[in-house]
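Each chain, letter by letter, is given below.
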Amino acid sequence: MFGSLSNESSLDKQKRGLYIVIEGQDGTGKTTQVQKLYDAITAEINSSEDTANPGKFTEAMIINEGSHENSGLVSTDAIGKIIKNRNFGLDNTANVLLFTAARCELWTKKILPCLSRNGVVISSRNWWSTLAFQSYGAGLDPFYIEKITRELLPTRYFKPDLAVILTLDDKERAKRQKMRGLENADQDTFEQQPDSFQSRVNAGYRKIATSFEIPMIDTNNSPDAVFEKICDTLGL
């Protein structure tokens, strides 16, 4: 499926590694698609016999930005737990600063080292999530969010090599979330927000896709069909 997966492609040959971002609202299937992409790329790397190719990718890694578990580091898991604990009632600005702190940790300690080894990083979410949730959803100034993030993270973070935003209409997305069976007490600070908030976030992602020229993929289909569309869209 992936052909000869290496840096000897149309990508900038001066760059090391491949940085992929899969974005989208909760319930659009990011976790499933990130795992499928990781499995496929890892299998391609492991099966390749082209060991003499200096552009051959060496490894693949999943990063879950904003998660409270398996985000990539113990420190960022801890930050995620603070952000998502609705009992704290954190201010939106505090959320932005905490998310940004976690991103700095992940970039410095996990993402950049992997890219430097010519690895493939598949990130579920990046700073576009904060734009969607804290700006379009909660009303914080988007320019403030961008300013803070750009002051603390490098240019490459803002320009992934490949990126897509997974979309789903509000009704179907809410249906999927309900099927997860989370009781109200188990929902995090964002999951328990009202439908009006979720709709603003969903609409925000569409604006982000337009502003940053990111392809959108409708996930109202089987996981395999969505994965095929992602690979086609990303040129993999």
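Report follows, based on the coordinates.

About the thresholds
- Residues numbered from 1 in each chain as written.
- Predicted model: local features only at pLDDT ≥ 70, side-chain atom pairs only at ≥ 80, totals over all residues.
- Heavy atoms only, no water.
- Pairing = 2+ DSSP bridges.
- Helix = DSSP H or I, 4+ residues; strand = E, 2+ residues; numbered from the N terminus.
- Axes fitted to C-alpha atoms, helices over the stretch in contact; angles between N-to-C directions.
- Contact = heavy atoms within 4.5 Å.
- Expected span 1.5 Å × (residues − 1).
- Buried < 20%, exposed > 50% of the residue type's maximum accessible area, 1.4 Å probe, protein only.
- Arc of directions from axis to C-beta.

## What about the sheet that holds strand 3 (residues 120–124)?
Strands sit in the order 2-3-1-4-5 across an open sheet of five strands; the sheet is parallel. Every interior strand has two partners, whereas the edge strands, strand 2 (60–64) and strand 5 (216–218), have only one. For this sheet, the mean angle separating the axes of adjacent strands, direction not counted, is 20°. Contacts between helix 1 (residues 30–47) and the sheet are confined to strand 1 (18–24), strand 2, strand 3 and strand 4 (162–167), with strand 2 contributing the most and set at about 165° to the helix. Relative to strand 4, helix 8 (residues 195–211) is tilted by about 150°, and along the sheet it contacts strand 1, strand 4 and strand 5.

## Some points on helix 8
In this model helix 8 runs 24 Å from its N-terminal to its C-terminal C-alpha over 17 residues, within 8% of the 24 Å that 1.5 Å per residue would give. Buried residues of helix 8: Phe197, Gln198, Val201, Asn202, Gly204, Tyr205, Ile208 and Ala209, and no others. Burial along helix 8 is one-sided: seen end-on, the buried residues are contained in an arc of 155°. Across from the buried face of helix 8, at angles greater than 90 degrees, the exposed residues are Asp195, Thr210 and Ser211. Where helix 8 ends, the next residue or the one after it, glutamate 213, has phi of about 55°, a positive value.

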